[in-house]
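Tertiary structure, described
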Amino acid sequence: MHESLIEHTQEGAVRALRLFRPALLNATTCAMLVQLREAFEAAAADASVRCVVLTGAGRGFCVGQDLNDPLVRQAEAAGDDAPLKDLGHVVAQYYVPLARTVRAMPVPVIAAVNGVAAGAGANLALGCDLVVAAESANFIQAFAKIGLVPDCGGSWLLPRLVGRAKALELALLGDKLSAREAERIGLIHRCVPDAELTDTVSQLAQRLAQGSVRAMAETRKLMDAAGLLDFNTALVAEAAAQSQAGFSADYAEGAAAFMAKRAPRFEDR
Ligand code: T3D
């Protein structure tokens, strides 16, 4: 039997995934990354799920790669002629499929950052659609401190979220950024007092789950693509996506509910 490193719970249409290696601040192993990707895939395939929340157990959210994992730890002993491990292989095999899966979810994804988020753990959170962090949490682009470069989407996400100057400051210095400051510079959606994190995220998740999650997933796709497009091409992409949205049951329901002055009941995915 494999050890379970991800806890799954569901409340209504909201699936919560909790990273579970609390003693090591939820540092990720390859097994954990596979389990997390499979948990997202299961949520994507389950029509009862309309929002996913990702959080961590214990005092940390996730501190990125477990640096003690034999798959990534290079030999230290002088004279040890074991071949060097190829981290690019680990990134391509485990982090890339996970980051892609999260970014392509058919429903909105919220990161509930309960504590420190470092390295790939920080970028895993930032790749989610909305990031809500407890006031005591912080974000650390820890890569440069150990001679690595940002991964799990960091090089793409950071400049888009906060601009090149701040992105490079965060990545080159690797200093702790408080959740409050992360909210101020627009890196995350919101920072809340620790005691309010669970309720705030729960209310936000239930609200998203009641909306047109299909339109939300399409909106994320449009915004991600738009960064590489000129204005006119982005307009064309919007028209194509709106064409599809206009054929959806959600649009029929949303417009009918508006005209009838009642709350809509969205069911598409
Ligand atoms: O390798 C590849 O495949 C490439 C992919 C790379 C992706 C990456 O994520 S690289 C970045 C890896 N992460 C880090 O470099 C962060 C390292 N951790 C820290 O700098 C500190 O732990 C924190 C600043 C995040 C938190 O500090 P603090 O004082 O609150 O906690 P702590 O005492 O340092 O950590 C608690 C325990 O977790 C401790 O273990 P112990 O002494 O109680 O047995 C510590 O060693 C362990 N821990 C923390 N981070 C990691 C870790 N163990 C393994 N790997 C970690 N990344």
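Above this text is the structure in question.
Report follows, based on the coordinates. (Residues numbered from 1 in each chain as written. Predicted model: local features only at pLDDT ≥ 70, side-chain atom pairs only at ≥ 80, totals over all residues. Heavy atoms only, no water.)

Here we look at the nonpolar core
In terms of nonpolar packing, the biggest core is built from 52 residues, with Phe-40, Val-113, Phe-139 and Leu-187 touching the most fellow members. If you tally residues by element for this core, the top one is helix α1 (residues 30-45), at 7 residues. For Phe-139, the residues in contact, after removing those within four places along its chain, are Val-113, Ala-117, Leu-126, Val-131, Ala-133, Asp-175, Lys-176, Leu-177, Ala-179, Ala-182, Leu-187 and Ile-188. Counting 15 residues, the second-largest nonpolar core is a separate cluster that includes Val-53, Ala-134, Leu-204 and Ala-209. (Core = buried A, V, L, I, M, F, W, Y, C linked by side-chain atoms within 4.5 Å. Buried < 20%, exposed > 50% of the residue type's maximum accessible area, 1.4 Å probe, protein only. Helix = DSSP H or I, 4+ residues; strand = E, 2+ residues; numbered from the N terminus. Contact = heavy atoms within 4.5 Å.)

Here's the deal with the site of the ligand
Close to the ligand lie 23 residues, the nearest being Arg-59, Val-63, Gln-65, Leu-67 and Ala-120. At a separation of 3.0 Å, an oxygen atom of the ligand approaches a polar side-chain atom of Arg-59. One of the backbone nitrogen or oxygen atoms of Leu-67 is found 2.9 Å away from a nitrogen atom of the ligand. In terms of residue count, the dominant contributor to the shell around the ligand is helix α2 (residues 87-103) (4 residues). Here the shell around the ligand is built from residues that sort into 17 nonpolar, 3 polar and 3 charged. (Near = heavy atom within 4 Å. Polar contact = N/O pair within 3.5 Å; in protein donor to acceptor, adjacent residues only side chain to side chain. Nonpolar A, V, L, I, M, F, W, Y, C, P; charged D, E, K, R; others polar.)

Some remarks on α2
Between its first and last C-alpha, α2 extends 22 Å over 17 residues, near the 24 Å set by a 1.5 Å rise per residue. Taken as a whole, α2 carries its principal kink of about 35 degrees at Tyr-95; the proline Pro-97 stands between one and four residues after it. Listed in full, the buried residues belonging to α2 are Val-90, Tyr-94, Tyr-95, Leu-98, Thr-101 and Val-102. Tucked inside the fold, the buried residues of α2 contact α1, β5 (109-113), α3 (120-126) and α8 (213-226). The N-cap residue of α2 is Asp-86: its side-chain oxygen and the backbone nitrogen of Gly-88 are 2.8 Å apart. (Expected span 1.5 Å × (residues − 1). Bend = angle between axes of the 7 residues up to and from the residue.)

Read these as geometric descriptors, not functional statements.
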